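Structural characterization, general
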Amino acid sequence: MAERSFAKEVQQLRIGEGEEFRGEGILAVTKALLECGVGYVGGYQGAPISHLMDVLSDAEEILEELGVHFEQSGSEAVAGATLAASVHYPIRGAVTFKSPVGTNVASDALANLSSGGVTGGALIIIGEDYGEGASIMQERTHAFAMKSQLWLLDPRPNLESIVKSVRDGFELSEASNTPVMLEMRIRACHVHGRFIAKDNVRPTMSLADALENPKRDLNRIVLPPASFLHEKEKVESRWPNAVNFIKERGLNEFFGGDGKIGIVLQGGMYNGVIRALQRLGLADIRGNTEVPLYVLNVTYPLIDDEFLDFARDKDAVLVVEEGQPNHIEQAFGAMLHKAGVDTKLFGKDPFPIAGEYTGTVMLDSIRGFLLENAPGLLTAADRAPNRPQTELPDLSKTVPPRPPGFCVGCPERPIFAGMKLVQEELGEHHVAADIGCHLFSIMPPFNIGGSTMGYGLGPASASAFNVKAKKRPISVMGDGGFWHNGLSTGVTNAVFNKHDGVILIVDNYYSAATGGQDIPSSRADNKSRSTAHPITEAVKGVGAKWVRQIDRTYDVTKVRDTFREALTTDEKGPKIIVASSECMLNRQRREKPQLAKAISGGERVVKPKFGVDEDVCTGDHACMRLSGCPSLSVKELDDPLRDDPVASIDQNCVGCGNCGEVADAAVLCPSFYRADVVHNPTAWDKRMAGIRRRVSSWLQKRRDSRRLVFAAEGA
Amino acid sequence: MSSMDAIAEPSAGRVPDRDQVIKLAILAVGGQGGGVITSWIVDLAERNGWYAQSTSVPGVAQRTGATVYYVEMVPEGEGTPVLGMMPAPGDVDVVLASELMEAGRAIQRGFVSPDRTTLIFSTDRTLAVSEKIVPGDGIADALPVMEAAKEVAKDVRAARLEQLALQNGSVISASLFGALAGSGVLPFARESFEQTIEASGRGVKASLRAFAAGFDAVQVRDGIVEETPAVDAPDIIEPKPAGPVVAGPEKMRRAWQALLDRIHAEFPQAAHGMLLPGLKKVVDFQDVKYGEEYLNRLTKVLEVDKAAGGEGEGYDFTATAAKYVANAMAYDDVIRVADLKTRGSRFERVNAEVRATPEQLVEITEFMHPRLEEICGILPASLGRGILAREGLSKRLDRLINKGRRVRTDTIRGFVTLYAIGSLRGYRRRTLRHQIEVAHLEEWLKLACDTVRDDYQLGVEVLRARRLIKGYSDTHVRGEAKFDRVLSAVPLLKGREDAATWLHRLIDAALKDEKGTMLDGALKTIRTL
């Protein structure tokens, strides 16, 4: 069950010719795929294209009606390899994953695919996770296009352009027998906009047709001597075909008038460039401008003569190319040099070499370029801006950092609380972390984990530490990473090499960090997938002997004790702990409406919530240092005798129990209590409660009559 | 699209229709529903015939972290407008922040400008982890943000929007949307805001109530509406001559009144603000007799204070002692915890906190984890000491006792168990724990009194060090260790002019981190002085 449901929105996928579509970028892409007669789609979730996978998943019914096969690939490598169906058969296929990490994983398949080439259009929709909010290393996908010689589209970030790009991409792929990547930046994926739709089209050839009438062509298989031919084919026929198609179809766009300066930009940078020009008074709200613009909706391959024609009669050209290295600028430099054109080329100066091209960077850099090369275009104010407007008040010491962290009730929090406790006993250990929500362990209050090497590679990244020492290495991976590749790269490898470390597998029933998609070990019933395959069975299957399953991670004492055992046992080989509890975000999404319905239906429902006795809490905040739950916070008391705020649990508490378990395991304090609210109590409940209340209030009255009792208010 | 007729004279500086674009940035904490309000704003704009574009950065950024949503809107016209994908400093018309420090972050990032930005935010706090894990008070100061908001924004509209939403059974997105409507910054009627909420179809009634509350709360231009924050500085507390409201046997009430009278007769006004709650705390902890012991201690303190020239210092020494002696006397033992957990008022408070209706039942489970030390603490002193002295026996007993115990205080069995422990108050003075606490208290108070004679402020700081002792079991041990380490500096500091300042710094340092790393650093510095 994914974090967000598109069940309502996907109905828009059915609209036909001439109707207007309104919605998010990713939904528009899905619609475009259907309009293009795609035969199959696959992919692996991850921001920013997780929602694209969720949309496809929610749209499965519509896809089936059209005869489109949808597959939730086990990894990006699987997704890339899926496109093999378009090698021999004229079937259009599309896959999606985040980049560059997913592209890294898929690159072996993509390289083979690019070598042999394709018959049916093959489109790889890349979610570029770059800039603010990115969760990965900052690299460019561009280099992949260059090394494998597959084409890279980078459309202007509006729905019309994105949808057109999908169509262009398939046709370009078929015209040049080359797979095409369509790059969608993080905000473009989620941009809300509109476009005029076309009818959906059924694929001309179905996968079943292909299966029943198989084809093979030795020349398309990557094996010598064909592979040597492929390299030649790429430059002798596929590249020229692509260049011709791009030129003839005008995939790249020219805006603005004639002038002595010009700007070349990646399509994805278009809105940012126009906004800067708007702010400089050089463009209007519809994007009309006098400044000549050459917009690269295709950033690879570059079209030499298009660029040279644009640059030749200009004094200076600015390249707007985000990220580094500056592949495009370098290529343009070489073109100008070889053609003997002396137009000055600007790019990473005035633009900064690294970092996102934010509004300020765009404005400052374009203004800088114009100031040097066409000062006449700028107003006096922009030529010499009076900078010191108002000084921003310095709040850097006031506003606390707020990095992402575990959600309210997250079942991973108690695992790391348990690890923290065991480290307090046995000392600090080397911990190899991994990609996933569990990576939040590296931040306060846990401060656990020293490296990440890639999704599912946590245990693999502890491989070198397979030596005799007084401490064992601990490595972590999630269930998502486990099925992605961790079973083989982590567990199997550790078994094979007789690795003596501890491997923690965090199983929260979903690929949770990417939005709660099902994976093989999910406990949920999934109509179209086979789930409920236990991780413990899988690791035992590859030869692991010391395997422990913790079925309720909130049992901090058990987590701590299991870790202690794993770190101290004499048993050889990897010690594998599978810690399982359902992702609370998903669980709440599933259970909340059910519970609400049951309560309004008069059923007996017990809802837990945790609390703190504020007069028992001494305000030492030891519990916070083992929790970090957003729901567990501190509050100031209206008591002149107290200096420090006390612990307090807010309304968002889901009653997971972590606070109480931690207080118990770490012997913190008796302040925590769990209050189970019984909705619609039965007659028996009420009778028992009545008797209990009579006894306790009699005792309370007895005691109160023998001492002074102060009213709650006042001091 | 290369036509240039729409182009303005470059020298004109601004393109005519550029100013029609309204740019809104929404700063939220992941999970606060920033996505909901964003989609509402888009719906609202489209409902009114405007073209709207929104962008966001979901994914990992949203997991309880700070996140930004962005909307631009422009009146519908020929062709597709080209709108920005992210907020740019100096180029935002409306900033909505779901939380006070996120408003601060918006200011810090330059999204709020004096010539154009309306800043709408909730003054409620969602504390960041870094604010919560500090052993002392780590809550960031709200004042600089409030002041900056007034200074930097064209118009500020702020209120306790989270609280308003909660009161109306809704979430912040609804009250924030109401505040957006109430500010009047968008050219749309209130009704169309409400239509947007109605069209969303979930929790509509509660959302509309929260919307209305948010709308009304921000009617004052440049207004930050909030309740007066609680004050904890001793000198601001108004003395309450009547004393706390009290019930109980006539004889005890008379004794209590006598103690109150004694405070008024014997102690300077400046110390009343601490003496009254202090007296109440110790009497509540034990009995009226204990209150008398408290005042006897304070009488001696006052004598020392007077001799040390306390009058000129506003009797700071006595007031500070009144606070910390009360805390020291009302130490946290098993009896106190059991007593507090079985009081009628406590059950009422829990019911209110979980918002249980009279038709619902509330079952309460306590998380207790007593160790041998706690149990020996409530044994008669010699017996407790005897057990703890025998290592083998202690270990065996600890194995029996030292485990987590879940006690259901709503059941008769659980309640009676804790009630019985709480009823041991009468015999408390004979327990081992009491003996230890009294010895510790006397030693500390003597050090303070000895110190204040030579250095008034240093004496006050010695009293303040008591703040470091808190928590249970290991945390308590750590706190006591810090307390000892801080006070170990007193002999080194004595005679220095800045001795009090240094001790003050040591106490602050000890409250900064759990292990006392900063304290060690500060102590090292002192040794080199």
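Residues numbered from 1 in each chain as written. Chains lettered and ligands numbered in written order. Predicted model: local features only at pLDDT ≥ 70, side-chain atom pairs only at ≥ 80, totals over all residues. Heavy atoms only, no water.

**What about the overall build of chain B?**
Definition in use: Under the scheme used here, helices are H or I runs from DSSP no shorter than 4 residues and strands are E runs no shorter than 2 residues, and both carry numbers assigned from the N terminus. The globule rule is 2.2 Å times the number of residues to the power 0.38, and the radius of gyration it is compared with is taken over C-alpha atoms. Summary of the burial criterion: residues with accessible area below 20% of their type's maximum are buried, those above 50% are exposed, and those between are partly exposed, where the area comes from a 1.4 Å probe applied to protein chains only. The criterion used for residue contact is that any of the two residues' heavy atoms lie within 4.5 Å. Method for areas: the Shrake-Rupley scheme with a 1.4 Å probe, in which residue coverage is limited to the protein chains shown. Charged residues are defined narrowly, with Lys and Arg counted positive, Asp and Glu counted negative, and His plus the chain ends left uncounted. Every charge is mapped onto a representative atom, which is NZ of Lys, CZ of Arg, CG of Asp or CD of Glu.
In terms of regular secondary structure, chain B is built from 24 helices and 10 strands. In summary, chain B has a C-alpha radius of gyration of 30 Å against a globular reference of 24 Å for 529 residues, an excess of more than 25%. Counting only C-alpha atoms and orienting by the principal axes, one finds that chain B spans roughly 95 × 60 × 50 Å. When each of the 529 residues of chain B is scored for burial, the buried share is 56%. Intrachain contacts of chain B at a sequence separation of at least 6 include 72% that bridge at least 24 residues. Entry remark: accessible area of chain B is about 22100 Å², with carbon and sulfur atoms responsible for 53%. Considering chain B, the positive charge centre built from 69 side chains and the negative charge centre built from 73 side chains are found 9 Å apart.

**Digging into the sheet that holds strand E10 (residues 261-266) of chain A**
Residue and element names in this part refer to chain A. The following threshold applies: In this analysis, strands are considered paired if DSSP registers two or more bridges between them. Only the stretch in contact is used when a helix axis is fitted, and all axes are lines through C-alpha atoms; the angle between N-to-C directions ranges over 0 to 180 degrees.
Read from one edge to the other, the open sheet built from 5 strands follows the order E9-E11-E10-E13-E14, with strand pairing classed as mixed. Of all strands in the sheet, those with a lone pairing partner are strand E9 (253-255) and strand E14 (344-346), marking the two edges. The mean angle between the axes of side-by-side strands here comes to 20°, regardless of whether they run parallel or antiparallel. Pairing between E9 and strand E11 (residues 293-296): 3 bridges, direction antiparallel. Bridged to Phe254 within E11 is Tyr294. Sheet strands in contact with helix H14 (residues 327-339) are E10, E11, strand E13 (316-320) and E14, and its direction is about 175° off that of E14.

**Description of the environment of Thr80 of chain B**
What counts is decided by this rule: Whenever a nitrogen or oxygen atom comes within 3.5 Å of another N or O atom, the pair is scored as a polar contact, on the condition that within protein one atom can donate a hydrogen and the other can accept it, and that pairs from neighbouring residues in sequence are kept only if both atoms are in side chains.
Inspection of the secondary structure puts Thr80 of chain B in the loop between strand E3 (66-75) and strand E4 (94-97). Considered as a pair, Thr80 of chain B and Ile22 of chain B are 58 residues apart in the sequence and their alpha carbons are 16 Å apart. Excluding its chain neighbours within four sequence positions, the residues that come into contact with Thr80 of chain B are Glu160 and Arg286 of chain A together with Tyr51 of chain B. Within polar-contact distance, the side chain of Thr80 of chain B engages the side chain of Glu160 of chain A at 3.1 Å.

**Regarding the pattern of salt bridges**
Here is the rule: Salt-bridge detection follows one rule: a side-chain nitrogen of Lys or Arg within 4 Å of a carboxyl oxygen of Asp or Glu.
A full pass over the atoms with the stated rule returns 95 salt bridges over all chains. With a shortest N-O distance of 3.8 Å, Arg194 of chain A and Glu46 of chain B are connected by a salt bridge. Of this pair, Arg194 of chain A sits in strand E8 (residues 192-196) while Glu46 of chain B is found in helix H1 (residues 34-47), placing the two residues in two different chains. The exposure class assigned to Arg194 of chain A is buried, which follows from its relative accessible area of 9%. Between Asp450 of chain B and Lys446 of chain B there is a salt bridge, with the nearest N and O atoms lying 3.1 Å from each other. Of this pair, Asp450 of chain B and Lys446 of chain B are both found in helix H19 (residues 432-454), 4 residues apart, which corresponds to roughly one turn of the helix. Linked through salt bridges whose partners overlap, the residues forming this network are Arg275 and Arg279 of chain A together with Lys23, Glu72, Asp91, Asp93 and Arg116 of chain B.

**Looking at the interface of chain A and chain B**
Under the convention used in this document: Defined in terms of a 1.4 Å probe, buried area is the accessible area two parts forfeit on being brought together, summed over both. Note on residue classes: Ala, Val, Leu, Ile, Met, Phe, Trp, Tyr, Cys and Pro are nonpolar, Asp, Glu, Lys and Arg are charged, and everything else, Gly too, is polar.
Counting residues at the interface gives 135 residues for chain A, matched by 155 residues for chain B. With both chains or domains summed, chain A and chain B bury close to 12800 Å², and 56% of this area falls on carbon and sulfur atoms. Connecting chain A to chain B are 23 salt bridges. For the salt bridge of Asp643 of chain A with Lys323 of chain B, the shortest nitrogen-to-oxygen distance reads 2.5 Å. Counting across the chain A and chain B interface gives 57 residue pairs in polar contact (both at pLDDT 80 or more). By residue number, the principal contributor to the side of chain A that touches chain B is helix H23 (residues 683-704) of chain A, which donates 12 residues. Residues that form the side of chain A that touches chain B fall into these classes: 62 nonpolar, 36 polar and 37 charged. Bridging between strand E23 (residues 672-679) of chain A and strand E9 (residues 361-368) of chain B involves 6 bridges; their strand directions are antiparallel. By the bridge assignment for E9 of chain B, Arg674 of chain A is matched with Thr365 of chain B.

**Regarding the UniProt feature "domain: DUF6537" (unreviewed entry) in chain B**
What counts here: UniProt positions are given in the numbering used here, feature names are shortened, and annotations may be inferred rather than shown by experiment.
The UniProt record marks residues 278-487 of chain B with the feature "domain: DUF6537" (unreviewed entry), using the residue numbering of this structure. Helix makes up 69% of residues 278-487 of chain B and strand makes up 6%, while its end C-alpha atoms are separated by 24 Å.

**Quick word on unusual backbone geometry**
Here the amide bond leading from Pro224 of chain A into Pro225 of chain A is cis, since omega sits at 5°, within 30 degrees of zero. Inspection of the secondary structure assignment puts Pro225 of chain A in the loop between helix H10 (207-212) and helix H11 (226-248). Notably, Arg355 of chain B is not glycine yet its phi reads approximately 55°, a positive angle. Mapped onto the elements, Arg355 of chain B comes out in the loop between helix H14 (344-353) and E9. Of note in the backbone geometry, Ser473 of chain B takes a positive phi value of approximately 35° without being a glycine. Counting through the fold element by element, Ser473 of chain B comes out in helix H21 (residues 473-487). Taking the relative accessible area as the measure of exposure, Ser473 of chain B reaches 7% and is therefore buried.

**Here's the deal with a nonpolar patch on the surface**
Residue and element names in this part refer to chain A. For the record, the criterion: Patch membership requires over 30% relative accessible area and the absence of a salt bridge. Like charges are linked within 9 Å, and nonpolar side chains (Val, Leu, Ile, Met, Phe, Trp, Tyr) within 5 Å.
A contiguous nonpolar surface patch, about 290 Å² in accessible area, is contributed by Leu218, Ile221 and Leu223. Mapped onto the elements of the fold, Leu218 is located in the loop between H10 and H11. Classification of Leu218 by relative accessible area gives exposed; the value is 58%.

**Let's talk about empty space enclosed by the protein**
Keep this limit in mind: A cavity here means a set of points on a 1 Å grid, drawn over the protein atoms and nothing else, where a 1.4 Å probe fits but cannot get out; a pocket is an open set with protein on both sides within 12 Å along at least five of seven lines, and a residue lines either one if it has an atom within 4 Å of a point. Grid points are joined across faces, edges and corners, and a volume is the space filled by probe spheres set on the points.
For the structure shown, the criterion picks out 11 cavities of 30 Å³ or more. What lines the largest cavity is a set of 37 residues, among which Arg185, Gly268, Met269 and Glu322 of chain A together with Met86 of chain B lie closest to the centre. Contributing elements (two or more residues each) for the lining of the largest cavity: strand E7 (180-185), helix H9 (186-190), helix H12 (270-279) and helix H15 (359-373) of chain A. By residue class, the composition of the lining of the largest cavity is 15 nonpolar, 10 polar and 12 charged. Computed from the structure, the second largest cavity encloses a volume of approximately 390 Å³. Lining of the second largest cavity is provided by 22 residues; of these, Thr618 of chain A together with Asn327, Asp332, Ile469 and Lys470 of chain B occupy positions nearest its centre. Counting residues per element, the ones that place at least two in the lining of the second largest cavity are helix H12 (316-329) and H19 of chain B.

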